[in-house]
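# Structure at a glance
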Amino acid sequence: MRLNKEIYDMKLAITNECVLQCKYCFVKKKHSYMDFNTAKNAVDLLLTSSGSEKILRIYGGEPLLHFSLIDKIVPYAFKKAQIEQKDLIITPCTNAVLLTKERISFFKDYNLKLAISIDGNKDTHNKFRVYSNNMGSFDKVRENLPAVFKNIARKNIAAALDVTPSTAGKLYENFKYILKLGFDTINIEPIHGFQRWDNKAQKELGDSINKIIRYIFKEIKNNNFIFLTTINREMKNNNLSNFRKGRCLFFQSLEVCPDGEMVFSSFLFNSLDKNRYIMGDVNAGIQKQYKNCSFLQKSAKCRNCVSTYFNQYSDSSRSQLSMKIRDLFSISAAQEFMKLSESSPRFRSYVTEAKEHICF
């Protein structure tokens, strides 16, 4: 199956199962594991689409519960990328509970970019990221971090920091704590559909992100480079600003579910009437209305998928506003850093290095 559309970033959810029961997680836990043929078809779809740069994000549930598939699909994907002459980044995102020396060695050998979910200090992390018995997972995550930092290049490691309305006021504190653990690259992800992002929480989020960016700016001047992945992506290829202007959802919103269904939003697929949000299947093909359309702004050929796909959902949590806050701050910071790089060797070095810290 080939597309007349470019896929740059594909999320491969290889299982719905998880060793944790995070309180804000929207994924419906069920005994569902992706088979190799489905994963292969998804990888082929990604790598045969137009465009030379590709990102394959391996997610769950907890993907390490299905490491036998990772062990097979990663070498296949890199071999396929070589045949198709594509520049491929593969990044698994894990809660780190099931990390072992053997798995860390595998990630190192294949030069994968590893994203580790950690929400901040022990109190914040354990507030939501818990086992089924409600015990926090922080101690196990921290126990596994030294082996990660010892064996994997720092540019290939990122912390995935989820933030809720109730933790937005502590975001800067948690950001600084994660740096102390040894990370230098962090992705800030406002949680969707869990708590309401009221005006107070939005202000706290914006103030915190602004404070974080000012801290990063100060540290660059001290020759200490710290990265936010959203800023990195914007400096690399304007992903955030282009998406806000309008972009085909196939480009960077495509997710393949464990049974092969293709969706543009795992939240909508898991939270509401899932059949309403399936737009194809990697094993059976893409729905007719998506096959021949092409994204051209102000073109009659464009189906305006963003509005038709997302606008039927009423976001009572107002999480889209929190995402907008994060993205606009990131775009502004990226523009500032790029401008400074024109005259400052230090900022020029920072921008060059930031483009290598692309984890997800």
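One can find the structure itself at the top, above this paragraph.
Attention in this report is confined to the structure presented alongside it. (Residues numbered from 1 in each chain as written. Predicted model: local features only at pLDDT ≥ 70, side-chain atom pairs only at ≥ 80, totals over all residues. Heavy atoms only, no water.)

Looking only at helices and strands, the protein has 15 helices and 11 strands in total. Against the compact-globule benchmark of 21 Å for 360 residues, the protein has a radius of gyration of 20 Å, which places it among compact chains. Residues classed as buried in the protein amount to 56% of the 360 residues present. Entry remark: accessible area of the protein is about 15900 Å², with carbon and sulfur atoms responsible for 47%. (Helix = DSSP H or I, 4+ residues; strand = E, 2+ residues; numbered from the N terminus. Rg over C-alpha atoms; globule rule 2.2 N^0.38 Å. Buried < 20%, exposed > 50% of the residue type's maximum accessible area, 1.4 Å probe, protein only. Areas by Shrake-Rupley, 256 points an atom, 1.4 Å probe, with all protein chains shown as cover.)

Before going further, it helps to spend a moment on the environment of Ile14. In this structure, Ile14 sits in the loop between strand S1 (9-13) and helix H1 (36-48). The exposure class of Ile14 is buried, given its relative accessible area of 1%. When the C-alpha positions of Ile14 and Ile220 are compared, they lie 38 Å apart, and in sequence the two are 206 residues distant. Once you skip the residues sitting within four places of it in the chain, Ile14 turns out to touch Ser32, Tyr33, Met34, Ile58, Tyr59, Pro63, His66, Leu69, Ile70 and Pro258. (Contact = heavy atoms within 4.5 Å.)

A word on the nonpolar core. Formed by 105 residues in total, the largest nonpolar core has its most connected members in Phe183 and Phe337. Looking at this core, the element that brings in the most residues is helix H7 (residues 199-221), giving 9 residues. Once residues lying within four places of it in the same chain are set aside, the contact partners of Phe183 are Ile116, Ile118, Leu145, Phe149, Ile157, Ala158, Ala159 and Ile178. (Core = buried A, V, L, I, M, F, W, Y, C linked by side-chain atoms within 4.5 Å.)

Next up on the list: the pairing of S1. Of all 5 residues that make up S1, 5 are buried, and the element is covered over most of its length. In S1, alternate side chains face the same way, and those of Asp9, Lys11 and Ala13 on one face and Met10 and Leu12 on the other are all buried. Read as a crossover between parallel neighbours, the route from S1 over H1 to strand S2 (residues 53-59) is right-handed. Both S1 and strand S8 (residues 254-256) contribute to a ladder of 3 bridges, which runs parallel. When the sheet's bridge partners are listed, Leu12 is paired in S8 with Val256. (Right-handed = clockwise from strand over helix to strand, strands pointing away. Pairing = 2+ DSSP bridges.)

So, about the environment of Leu161. Mapped onto the elements of the fold, Leu161 is located in strand S5 (residues 157-163). Along the sequence, Leu161 and Leu3 sit 158 residues apart, while their C-alpha atoms lie 34 Å from each other. Among residues more than four places away in sequence, those in contact with Leu161 are Ile118, Asp119, Leu171, Asn174, Phe175, Ile178, Ile186, Asn187, Ile188 and Glu189.

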